[in-house]
Amino acid sequence: MARIALVCEPPDGGVAEHVRQLALGLPAHGHEAVVFGPAELPFRRDYRHPHRDLQALAALARALRGFDLVHGHAAKAGVVARAAAAIARRPAVYTPHCFPFAVPDAQAQRAFGLAVERGLAPLTDVIVCVCEQERGVAIAARVRPRGRLAVIHNGCPACAGTPDPELVRLRDRGPVVGAVTVLRRQKRIDVLLAAAPRILDAVPEATVVVVGNGPEGDALRAAADQRVVFLPFHGPAARYLRALDVYVLPSGWEAFPIGVLETQACGVPQVATDVGGTREALVPATGVLVPPADPDALAAAVVALLRDPARRAAMGEASRRRHAERFTVDRMVAETAAVYDSVLS
């Protein structure tokens, strides 16, 4: 049995859930997985605390003597994990979950991120891209690992659990439109808030809900129409998704958002922005893609679905089928374990 070190950034959103599912599923494929997160490694997502980064690097390099392979998840964890793997002379796998140089409107960050990714690629046995679009980004940016670029689409569990009682209460009054996400700039909840008055004026019996925690929470609440309902997030996501009639993800950028997959598993139609690899998950049978930063298009798509219950029902059934066929945890874990086996052999 190989010992795999899974290195993860401070946990929120889809990356943490992805790592959790890997850790739970890998033993069935002959691997022991240990997660190294904030409790074990004191680094942060930014680069303003180099002393913490060095402490984390030294601690991880020492720990890797007892492991066969390290797998870093997301940009900063990928830096620490691959540098530690090089020191400990262990093979390294890296999943960017959206390359840092793919972030729009951040020129300095993009240039720095690209330099880091090109510099560390030769230390990487396999870069696992979470969608074909991300693989294309790596090729175009000339990020070349010493091994290969693999594509493994994210997966998520089947929908289970009891719906959130507050959302059930709201749903008794009419259909509920909601975003279930981390409240940070990437997710562009401000676009949903701009669309919300148009949605609620067109379908007065509806409710728009934002479920989530994060650094932009206070600013978003201050800017929102008073009819918009905010709820804190207490996992799992399915407890909220099961109580929605339409799910919205208005992101400014993505790789391959797990939220869309979780929503499909729960049989809820999706309206999401056409960014990153989202169109590899969301198809016309399951939802609607809209341009980013376009509240009018977002509102129009949501209103059209709210006015057509039969279409929503058909999309819900198609969503469950698509998840079961393409986006299960078992498939994701098995494909990841196969990458480890190929590196270790």
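Details of the structure are given in the entry above.
Values in this document were obtained by computation on a predicted structure and should not be read as measured data.

What counts and what doesn't
- Residues numbered from 1 in each chain as written.
- Predicted model: local features only at pLDDT ≥ 70, side-chain atom pairs only at ≥ 80, totals over all residues.
- Heavy atoms only, no water.
- Disulfide = S-S within 2.5 Å.
- Helix = DSSP H or I, 4+ residues; strand = E, 2+ residues; numbered from the N terminus.
- Buried < 20%, exposed > 50% of the residue type's maximum accessible area, 1.4 Å probe, protein only.
- Pairing = 2+ DSSP bridges.
- Axes fitted to C-alpha atoms, helices over the stretch in contact; angles between N-to-C directions.

**Some details on the state of the cysteines**
Here comes step 1: What the rule picks out here adds up to 1 disulfide.
Here comes step 2: Here Cys159 pairs with Cys266 through a disulfide, and the sulfurs are 2.2 Å apart. Across the S-S bond linking Cys159 and Cys266, the dihedral sits near 90°, which makes this disulfide right-handed. Highlighted residues: Cys159 in the loop between β6 (148–151) and α6 (165–171) and Cys266 in the loop between α10 (258–265) and β11 (270–273), separated in sequence by 107 residues.
Here comes step 3: Cysteine Cys8 remains unbridged, with the sulfur of Cys98 as its closest cysteine sulfur at 15 Å.
Here comes step 4: Overall, Cys8 belongs to the buried group, its relative accessible area being 7%.
Here comes step 5: Cysteine Cys156 shares no disulfide, and the gap to the nearest cysteine sulfur, in Cys266, comes to 7.7 Å.

**A short note on the sheet that holds β6**
Here comes step 1: Read from one edge of the open sheet, 6 strands run β2-β1-β3-β4-β5-β6, paired in parallel fashion. Either end of the sheet is taken by a strand with one partner, and the two such strands are β2 (31–36) and β6. Going from strand to strand, the sheet's axes swing by 20° on average, the running direction of each strand aside.
Here comes step 2: As paired strands, strand β3 (residues 69–73) and strand β4 (residues 92–95) are joined by 4 bridges and run parallel to one another. When the sheet's bridge partners are listed, Val70 is paired in β4 with Ala92.

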